[in-house]
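Chain residues, written in single-letter form:
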Amino acid sequence: MVKKRTKTPWMKAEDFGRSLPRGLGVNLLVTDMAAMEAFCRDVLGAQIIYADEDFAAIELLGSIFMLHADHSYLDNPMTGVTAGAETRGAGIELRLYGADPDAVEKRAAALGHIVLAGSIDKPHGLRECYVVGPDSYVFVPSARLQA
């Protein structure tokens, strides 16, 4: 693992790992940490728990997910999956249940991000839109429609 971090992390990696709740975890490998952190904060409305040049812990809608810079994964099996990949998020929808799609769409457009599909009420009971973030990850903020 190659680290570019120059500051002391807010907690030891093993302590953070042990603190994570049971359930599904998401880790996004990113080429530009600052760009993805800004997208998460400024477009999705996430809270950055901790961030440095190598790693970020993000809280969004009561869940925690992580970002890792490519360079921090050089000794990881995922390196073979991402090496030379032109589109990182191909085929993945990161669904944000309980997020306001209209607000996310507005912020994304204002900040120059691609809105694949604008906010619309869907037959499956959700209002949603599709927004492309850094490294082509697609985020789908979704709010329940009133019955």
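The notes below deal with the structure included here. The shown structure was predicted, so the numbers you read here are calculated from the model rather than taken from an experiment. (Residues numbered from 1 in each chain as written. Predicted model: local features only at pLDDT ≥ 70, side-chain atom pairs only at ≥ 80, totals over all residues. Heavy atoms only, no water.)

It is worth spelling out the environment of E37 at this point. In this fold, E37 is placed in helix α2 (residues 33-42). Taking the relative accessible area as the measure of exposure, E37 reaches 13% and is therefore buried. Discounting residues that sit within four places of it in the chain, E37 has contacts with I48, A51, D52, A56 and L67. (Helix = DSSP H or I, 4+ residues; strand = E, 2+ residues; numbered from the N terminus. Buried < 20%, exposed > 50% of the residue type's maximum accessible area, 1.4 Å probe, protein only. Contact = heavy atoms within 4.5 Å.)

Among the residues making up α2, those that are buried are M33, M36, E37, F39 and C40. One side of α2 carries all its buried residues, which in axial view fall inside an arc of 160 degrees. N-cap assignment for α2: the residue whose side-chain oxygen lies 3.2 Å from the backbone N of A34 is D32. (Arc of directions from axis to C-beta. Polar contact = N/O pair within 3.5 Å; in protein donor to acceptor, adjacent residues only side chain to side chain.)

The next thing to look at is the sheet that holds strand β3 (residues 55-60). Sheet architecture is open: four strands sit in the order β1-β4-β3-β2, paired in mixed fashion. Because the sheet does not close on itself, it has two edges, and the strands there are β1 (27-30) and β2 (47-51). Sheet twist, expressed as the average angle between the axes of neighbouring strands with direction ignored, equals 25 degrees. Along the sheet, α2 contacts β1, β2, β3 and β4 (63-69); its crossing angle with β4, the most-contacted strand, is approximately 160 degrees. (Pairing = 2+ DSSP bridges. Axes fitted to C-alpha atoms, helices over the stretch in contact; angles between N-to-C directions.)

What follows is about the packing of aromatic side chains. Evaluation of the coordinates by the stated rule reveals one aromatic pair. For the ring pair F39 and F139, a centre distance of 5.1 Å and an interplane angle of 45 degrees mean the geometry is tilted. Remark: F139 occurs in strand β8 (residues 138-144) and F39 occurs in helix α2; sequence separation between them is 100 residues. Here F39 falls in the buried class, since its relative accessible area comes to 1%. (Phe/Tyr/Trp six-rings, centres within 6.5 Å; stacked < 30°, edge-to-face > 60°.)

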